Amino acid sequence: MDYDVVIAGAGPVGLLLACELRLAGISVLVFEKLANPNLPIKDGPVGARALNIPSIEVFYRRGLLPALKKGALKWIDMSMSGEGVEAAERGVAANYSDNSDPELFGRGPAAAYGVITTQALETLLSERAAELKAEIRRGAGLTAFSADDSGVTVYAGETQVRSGWLVGCDGGRSTVRKLAGFEFPGTDPKVCGYSATVEFADPEKLSSGWVRTARGAYVNGPMPGRILTVEFDGPPKDRDASITLEELQTSLRRVSGTDATLTAVHAATRWTDNARQASTYRLGRVLLAGDAAHVFAPIGGEGLNLGIGDAVNLGWKLAATVNRWAPETLLDTYTTERHPIGAWALNWATAQVALMAPRHHRRARVSVLADLIGGGGRAKSLAKRISGVWQRYDLPGDHPLVGRSAPDLEFEDGTKLGEHCRDGSALLYDFVDDARISGLGARWRGRLRIITLRLKKNSDLTALFVRPDGFVAWAANGPPDLNRAASALSTWLGNSE
Ligand SMILES: Cc1cc2nc3c(=O)[nH]c(=O)nc-3n(C[C@H](O)[C@H](O)[C@H](O)COP(=O)(O)OP(=O)(O)OC[C@H]3O[C@@H](n4cnc5c(N)ncnc54)[C@H](O)[C@@H]3O)c2cc1C
């Protein structure tokens, strides 16, 4: 083998996956079709992306939070109070300090909302991947591959490499997905949307914020010159044609019912509500992650967040499989755990597009929905959906933390759980100095780190097993049930020595 894993696509998902694999010592080659990552080649400065709490948690745990914040266009710390924080933001912050709710409990510095451009995010992840010595070949798109029982031969034009595994992180129109023959069921596009950064002759002609009209919807802002339009007369005729000022202006005029005039277009992208999801994320030695596995309208800002979750879920499982200690079924849990979250996001985006549709029933639908979500508890539940904290995996075990992202527990030595996750190890915590817990963990030596530390605050928690992706796979209140702990350790880390 030339490499353990070849990844097609150095978008945010491919780059993050490369970092996760390198943390586990796996050799990785990333083929990227585009030659230069730093130019506004894809969608220019219009490519601002909102990051939710689970995504920010990933950067926090891998020690990348300061760099993420530095590169962000906007950052709202949910724990923030005082001046400069709008009332609505403070209301959301209050929700995130509700420690009685396991979905909200202990998100630490990840309880935030960030907006970052795709360029800034890709630069950050490229630098991290280079630091971790992942090999990235740019200007080298995957063109073909053939997979057999022992590996995959991958071609990028004239170049040929042999690898154990291939992961398609090559976006919504994934070559890997098509060549491998993954089923990609879903619905065809019905809308045409534009997101753009522009200059106006007469900005006062447009209302600011979200505006629903008889022809669709438009958004003016939040930054000056940022616009979005959605029309419901069918998908664009040619998604790849470059976007002209006239095309954008026609759409804006049609949808807003004004004669607003554009004087310049700095960057623009065209999108649709094509909604599809691969029915499995793995076919033998070929896997999919990010947009390659699921596409839907960008309304609701879920696609990137979903892809970040895919990469972190897949990374350690694929590494364990390459390192030959993974239980046979481990890699299949990637689809089992991530597919339902992807299906939810797809539905969420589709429902939002439906609510924007300019039919005469819409006003009633929107007002009924607004009424339904208006109450305190329901608004909180909606906020939890949007922020991603509701996400959990259906893992064996009945402790309320099992299947959830681990809380950012604080310890007597001043450290926090998130800070222990930098190297991507599985963690077995013993909070009560019980030699039986470390004795048990020692049987999986080399596959997990045992941490014996007292919690800073009084708690019933005595022990916790956290997978490399930060999800709790076993927890105990009071005397730990070591049989259950052993069963969780073998489920996720394979047979003990
Ligand atoms: C207008 C708009 C706004 C959005 N806003 C948000 C938001 O606020 N929040 C959010 O979570 N998501 C948002 N999204 C979605 C988000 O951008 C995508 O989900 C995310 O970029 C997917 O990342 P990815 O790495 O899977 O794919 P991509 O970012 O598409 O990267 C794929 C990479 O693969 C490369 N590639 C393609 N073919 C090949 C090949 N054959 N060989 C090698 N390389 C190849 C491409 O050049 C590219 O670099 C938005 C999308 C749009 C269009």
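The structure this text deals with has already been given above.
Predicted model, so just to flag it, every value in this text is computed and none were measured.

## So, the sheet that holds strand β10 (residues 186-187)
Thought 1: Strand order across the open sheet formed by 3 strands is β10-β16-β19, with antiparallel pairing between neighbours. Looking at strand neighbours, the two that pair on one side only are β10 and β19 (294-295), the edges of this open sheet.
Thought 2: Alignment of strand β16 (residues 275-277) against β19, held across 2 bridges, turns out to be antiparallel. Counted as the bridge partner of Gln277 is His294 from β19.
Thought 3: In this fold helix α9 (residues 332-356) packs onto β16 and β19, with an angle of close to 175° to the strand it touches most, β16.

## Some points on the nonpolar core
Thought 1: Counting residues in each nonpolar core, the largest one holds 69 residues, and the members touching the most others are Ile7, Leu68 and Val167.
Thought 2: Element by element, the count of residues in this core is highest for helix α8 (residues 303-322), at 8 residues.
Thought 3: Those residues in contact with Val167, other than ones at most four positions away along the chain, are Val5, Val6, Ile7, Ala8, Leu17, Leu287, Leu288, Ala289, Leu314 and Leu318.
Thought 4: One finds Phe296, Leu453, Ala476 and Ala486 within the second-largest nonpolar core, a separate group that totals 51 residues.

## Some words on the packing of helix α2 (residues 53-61) against α8
Thought 1: It is at 8 Å that the axes of α2 and α8 come closest, and there the two elements cross at 45°. Overall, the two elements α2 and α8 adopt an arrangement that is oblique. Crossing of α2 over α8 shows left-handed handedness. Here Ser55, Val58 and Phe59 of α2 come into contact with α8, specifically with Asn305, Ile308 and Val312.
Thought 2: Taken together, the residues of the contact of α2 with α8 sort by class into 4 nonpolar, 2 polar and no charged.

## Quick look at the site of the ligand
Thought 1: What surrounds the ligand is a group of 28 residues, the closest being Glu32, Arg49, Ala50, Asp291 and Leu304.
Thought 2: At a separation of 3.0 Å, an oxygen atom of the ligand approaches a polar backbone atom of Asn305.
Thought 3: Considering the ligand on its own, with 1,000 Å² of exposed area, one finds that the protein chains cover 87% of that surface.
Thought 4: Here the shell around the ligand takes 3 residues from α8, the largest share from any one element.
Thought 5: Formed jointly, the shell around the ligand draws a minimum of three residues from each of two domains, domain 1 (3-185 + 276-356) and domain 2 (192-272).

## Considering the environment of Asn495
Thought 1: Inspection of the secondary structure assignment puts Asn495 in the segment after α13 (482-493).
Thought 2: Residues Asn495 and Arg253, 242 residues apart in the sequence, show an inter-C-alpha distance of 64 Å.
Thought 3: Beyond its immediate sequence surroundings of up to four residues, Asn495 is in contact with Trp444 and Arg447.

## What about the pattern of salt bridges?
Thought 1: Enumeration over the complete set of coordinates arrives at 23 salt bridges.
Thought 2: Between Arg162 and Asp148 there is a salt bridge, with the nearest N and O atoms lying 2.9 Å from each other. With Arg162 in strand β9 (residues 159-168) and Asp148 in the loop between β7 (144-147) and β8 (152-156), this pair connects stretches of sequence that are 14 residues apart.
Thought 3: In this structure Asp148 comes out as partly exposed when scored by relative accessible area, which is 36%.
Thought 4: For Lys456, the salt bridge is made with Glu410, and the minimal N-O distance between the two is 3.4 Å. Here Lys456 is found in the loop between β21 (448-452) and β22 (461-466), whereas its partner Glu410 is found in the loop between α11 (376-387) and β20 (426-430), with 46 residues between them in sequence.
Thought 5: By relative accessible area, Lys456 is classed as exposed at 54%.
Thought 6: For Glu410, a relative accessible area of 32% puts it in the partly exposed group.

Definitions and limits used
Throughout, residues of each chain are indexed from 1 in the direction in which the sequence is written. Residues qualify for local features only when their pLDDT is at least 70, as the model is predicted, and side-chain atom pairs are given and counted only at 80 or more; totals for whole chains, interfaces and linings, by contrast, use all residues. Side-chain descriptors were evaluated using all non-hydrogen atoms of the structure, hydrogens and water having been removed beforehand. Only strands that DSSP links by at least two bridges are regarded as paired with each other. Helix and strand definitions follow DSSP, with helices as H or I runs of at least four residues and strands as E runs of at least two, each counted in order from the N terminus. Any two residues whose heavy atoms approach within 4.5 Å at even a single point are treated as in contact. A fitted line through C-alpha atoms represents every axis, and for helices the fit uses only the stretch in contact; the resulting angles, taken between N-to-C directions, go from 0 to 180 degrees. By nonpolar core we mean a set of buried residues, namely Ala, Val, Leu, Ile, Met, Phe, Trp, Tyr and Cys, connected to one another through side-chain atoms within 4.5 Å. Partly exposed residues are those whose accessible area sits between 20% and 50% of the maximum for their type, while under 20% is buried and over 50% is exposed, using a 1.4 Å probe and protein chains only. Here the angle decides the label: under 35 degrees means roughly parallel, over 145 means roughly antiparallel, 65 to 115 means roughly perpendicular, and every other value means oblique. For any pair of crossing helices, the crossing counts as left-handed if the nearer helix is rotated counterclockwise from the farther one by less than a right angle, and right-handed if it is rotated clockwise. For this scheme, ten residues count as nonpolar: Ala, Val, Leu, Ile, Met, Phe, Trp, Tyr, Cys and Pro. Four count as charged, namely Asp, Glu, Lys and Arg, and the remainder, Gly too, count as polar. Residues are labelled near a given molecule or strand when at least one of their non-hydrogen atoms is within 4 Å of it. Counted as a polar contact is a pair of N or O atoms within 3.5 Å, where, for protein atoms, one must be capable of donating a hydrogen and the other of accepting one, and residues adjacent in sequence contribute only when both atoms are in side chains. Only the protein chains shown count as cover for residues, with accessible areas throughout obtained via the Shrake-Rupley method and a probe of 1.4 Å. Here the bounds of each domain stem from an automatic or database domain assignment. Here, a salt bridge means any side-chain nitrogen of Lys or Arg that lies within 4 Å of a carboxyl oxygen of Asp or Glu.

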